[in-house]
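The primary structure of each chain is shown beneath.
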Amino acid sequence: MKSIIVTGGAGFIGAHLCRRILERGDAVLCVDNFSTSSREGIDDLLQHSRFSLLEHDVCIPFEAEGDALFNLASPASPVFYQKDPVQTMKTNILGSLHVLELARQQNIPVLQASTSEVYGDPLESPQTESYWGHVNPVGLRSCYDEGKRSAECLFFDYSRQYAVPVKVVRLFNTYGPGMLPRDGRVITNFIIQALKGEDLTVYGRGTQTRSFCYVDDTVDGLLRFMDTPESCTGPINLGRAEEISMLNLALLVKEMTDSSSPIVFRDLPEDDPRQRRPDLSLAQEVLNWNPSVNLRSGLQKTINFVKNIHPR
Ligand code: NAD
Ligand code: UDP
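Residues numbered from 1 in each chain as written. Chains lettered and ligands numbered in written order. Predicted model: local features only at pLDDT ≥ 70, side-chain atom pairs only at ≥ 80, totals over all residues. Heavy atoms only, no water.

Colleague: Quick question: what am I supposed to make of the overall build of the protein here?
Modeller: Counting secondary structure elements, the protein contains 10 helices and 13 strands. Relative to the 2.2 N^0.38 estimate, which gives 20 Å for 312 residues, the radius of gyration of the protein is 19 Å and therefore close to what a compact globule would have. For the protein, the spread of C-alpha atoms along the principal axes amounts to about 55 × 45 × 40 Å. The buried share among the 312 residues of the protein stands at 55%. Element-wise, carbon and sulfur atoms account for 49% of the exposed surface of the protein, whose accessible area totals about 13,400 Å². Taking the average location of the 31 positive side-chain charges in the protein and that of its 39 negative ones, the two points are 4 Å from each other. (Helix = DSSP H or I, 4+ residues; strand = E, 2+ residues; numbered from the N terminus. Rg over C-alpha atoms; globule rule 2.2 N^0.38 Å. Buried < 20%, exposed > 50% of the residue type's maximum accessible area, 1.4 Å probe, protein only. Areas by Shrake-Rupley, 256 points an atom, 1.4 Å probe, with all protein chains shown as cover. Lys, Arg positive; Asp, Glu negative; His and termini not counted. Charge placed at Lys NZ, Arg CZ, Asp CG, Glu CD.)

Shown next as structure tokens:
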């Protein structure tokens, strides 16, 4: 039995990851400060005999022993990460520094959940891992984008300078059951609005695109990556190649929920990326990974989840 440390393990992706690790028979130490999650959201995990929790802010150094570490601690929704941008930056930089020190002391592999936001508002599509990105360093999204870029830099410096076995994955928009409702992300917003008969708020003209990956596929990719040889450091994109505009997403959610909600247009947030689409060649080649859940069936599971929390 292995012992796996998951920072941010109480969050949306983290909780799914912890469940999969427990299912395969390993133990989990979750390090989380519940800043964008809650104890209630991981009730099932807290009752599991192989799950333990360290309630802690990763900006402060900590002790933890394990055989591998997944670093997921960071707010991910723009609404949340812009609420306290200094804390967002600290979490990504100091948090990464602290987990890298743990990995260095114990010589264990450490995986960083980076993001497609390192590509900023991309001038290339699809985005390959060799693309350096187009990021505003001083805007409202910079605390997250530049925080994640700095974290990537730290990971590769620890790899070169101290031979720490690092793995950097760039996640594209991930969705599914377990997302915190009202976290401001587009999928939860549209589903809740559609179910409640409220206006579906499309920002800008809704022509901007995203590529949405279902959480089970994302977690599968994370686990596969951790199992690769030490020489496999990434960065590797994980996402789905299918691109959809936000207007078409609103129409799809409306149709799938049989909703009569009107679609309304609101101001486009500053620096909102116009396009997102991963090149998945590396993930296919190195991880033998391909997302298996299409948008319709993933959305159906997410709609069912939200319906249970917000019955009409
Ligand atoms: P989430 O907000 O649901 O989960 C993040 C977790 O980290 C929460 O439980 C939160 O309490 C915890 N956390 C935040 N700051 C912390 C700190 N200083 N100390 C300890 N714990 C802290 O987000 P998510 O969607 O599950 O994302 C998980 C990771 O994946 C994040 O690093 C995010 O940047 C990355 N990511 C997510 C997406 C996505 O679409 N969901 C896309 C790209 C990258
Ligand atoms: N968006 C929208 N309506 C909403 C919430 C978001 O049109 O109610 C748009 C947002 O402007 C962005 C896209 O949906 O273009 C994805 O937003 P999200 O916050 O989910 O993630 P991002 O990819 O911006 O980090």
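Colleague: Just to check I follow, could you spell out the site of ligand 2 for this structure?
Modeller: Every one of the 17 residues lining ligand 2 counts as a neighbour, but V186, N189, T201, R210 and D272 are closest to it. Here a nitrogen atom of ligand 2 sits 2.6 Å away from a polar atom, N or O, in the main chain of T201. Here an oxygen atom of ligand 2 sits 3.0 Å away from a polar atom, N or O, in the side chain of Q208. Summarising the interface, the protein chains cover 95% of the accessible area of ligand 2, which totals 510 Å² for the free molecule. For the shell around ligand 2, the elements supplying multiple residues, two or more each, are α6 (186–196) and β8 (200–203). Of the residues contributing to the shell around ligand 2, the split by class is 7 nonpolar, 5 polar and 5 charged. (Near = heavy atom within 4 Å. Polar contact = N/O pair within 3.5 Å; in protein donor to acceptor, adjacent residues only side chain to side chain. Nonpolar A, V, L, I, M, F, W, Y, C, P; charged D, E, K, R; others polar.)

Colleague: Is there a simple way to think about the sheet that holds strand β6 (residues 166–171) in this case?
Modeller: Backbone hydrogen bonds hold the strands of a sheet together, and the pairing may be parallel or antiparallel. Strand order in the open sheet made by the 7 strands is β3-β2-β1-β4-β5-β6-β11, with parallel pairing throughout. Each edge of the open sheet is held by one strand with a lone partner, namely β3 (51–55) and β11 (236–238). Sheet twist, expressed as the mean angle between neighbouring strand axes with direction ignored, is 20°. Of the pairings in the sheet, the one linking strand β2 (residues 27–32) to β3 comprises 5 bridges and is parallel in character. Bridge assignment links V31 to a residue of β3, and that residue is L54. Its contacts with the sheet put helix α5 (residues 142–162) on β4 (68–71), β5 (110–115) and β6, and the angle it makes with β5 is roughly 150°. (Pairing = 2+ DSSP bridges. Axes fitted to C-alpha atoms, helices over the stretch in contact; angles between N-to-C directions. Contact = heavy atoms within 4.5 Å.)

Colleague: For this particular structure, what's the right way to read the site of ligand 1?
Modeller: By nearness alone, 31 residues border ligand 1, and D32, T36, S37, Y144 and T174 come closest of all. Within the contact set of ligand 1, an oxygen atom lies 2.6 Å away from a side-chain nitrogen or oxygen of D32. Measuring from an oxygen atom of ligand 1, one finds a side-chain N or O atom of Y144 at 2.6 Å. A total of 830 Å² of accessible area belongs to ligand 1 in isolation, and the protein chains cover 97% of it. Only α1 (12–23), α4 (85–106), β5 and α5 provide two or more residues apiece to the shell around ligand 1.

Colleague: Explain the pairing of β5 here, please?
Modeller: Sheet faces and side chains relate simply in a regular strand, where the side chains alternate between the two faces. A large share of β5 lies buried, amounting to 6 of its 6 residues. Going residue by residue along β5, you find V110, Q112 and S114 tucked away on one face and L111, A113 and T115 tucked away on the opposite face as well. In terms of strand pairing, β5 meets β6 through 6 bridges, oriented parallel. Directly across from T115, in β6, lies its bridge partner L171. Read as a crossover between parallel neighbours, the route from β5 over α5 to β6 is right-handed. (Right-handed = clockwise from strand over helix to strand, strands pointing away.)

Colleague: Can you walk me through the state of the cysteines in this structure?
Modeller: Under the counting rule described, the total for this entry stands at 0 disulfides. The thiol of C232 is not disulfide-bonded; the next cysteine sulfur, from C213, is found 18 Å away. Given a relative accessible area of 12%, C232 falls into the buried group. (Disulfide = S-S within 2.5 Å.)

Colleague: Quick question: what am I supposed to make of unusual backbone geometry here?
Modeller: Trans peptide bonds make up the majority, and among non-glycine residues the majority have a negative phi. Here the bond from S125 into P126 is cis, since omega is -5°, no more than 30 degrees from zero. When you line up the elements, P126 lands in the loop between β5 and α5. The omega torsion of the bond from G234 to P235 falls at 5°, within 30 degrees of zero and hence cis. Looking at where P235 falls in the secondary structure, it is placed in the loop between α7 (215–226) and β11. The backbone of R182 shows a phi angle near 65°, a positive value even though the residue is not glycine. Given the relative accessible area of 46%, R182 is considered partly exposed.

Colleague: Help me out: how do you make sense of the pattern of salt bridges in this one?
Modeller: Pairing between side chains of opposite charge can happen when the charged atoms of each approach one another. This structure, assessed with the given rule, holds 18 salt bridges. One salt bridge connects R182 with E198, and the closest N-O pair in it is separated by 3.7 Å. Here the residue R182 occupies a position in the loop between β7 (174–175) and α6, and E198 occupies one in the loop between α6 and β8, the gap between them amounting to 16 residues. Given the relative accessible area of 31%, E198 is considered partly exposed. Note that R185 and D183 form a salt bridge whose closest N and O atoms lie 2.7 Å from each other. The partly exposed category is assigned to R185, whose relative accessible area is 22%. According to the relative accessible area criterion, D183 is buried, its value standing at 1%. Beyond isolated ion pairs, a larger network of salt bridges with shared partners links E117, R141, R210, D272 and R276. (Salt bridge = Lys/Arg side-chain N within 4 Å of Asp/Glu carboxyl O.)

By themselves, these are just geometric observations and shouldn't be taken as functional.
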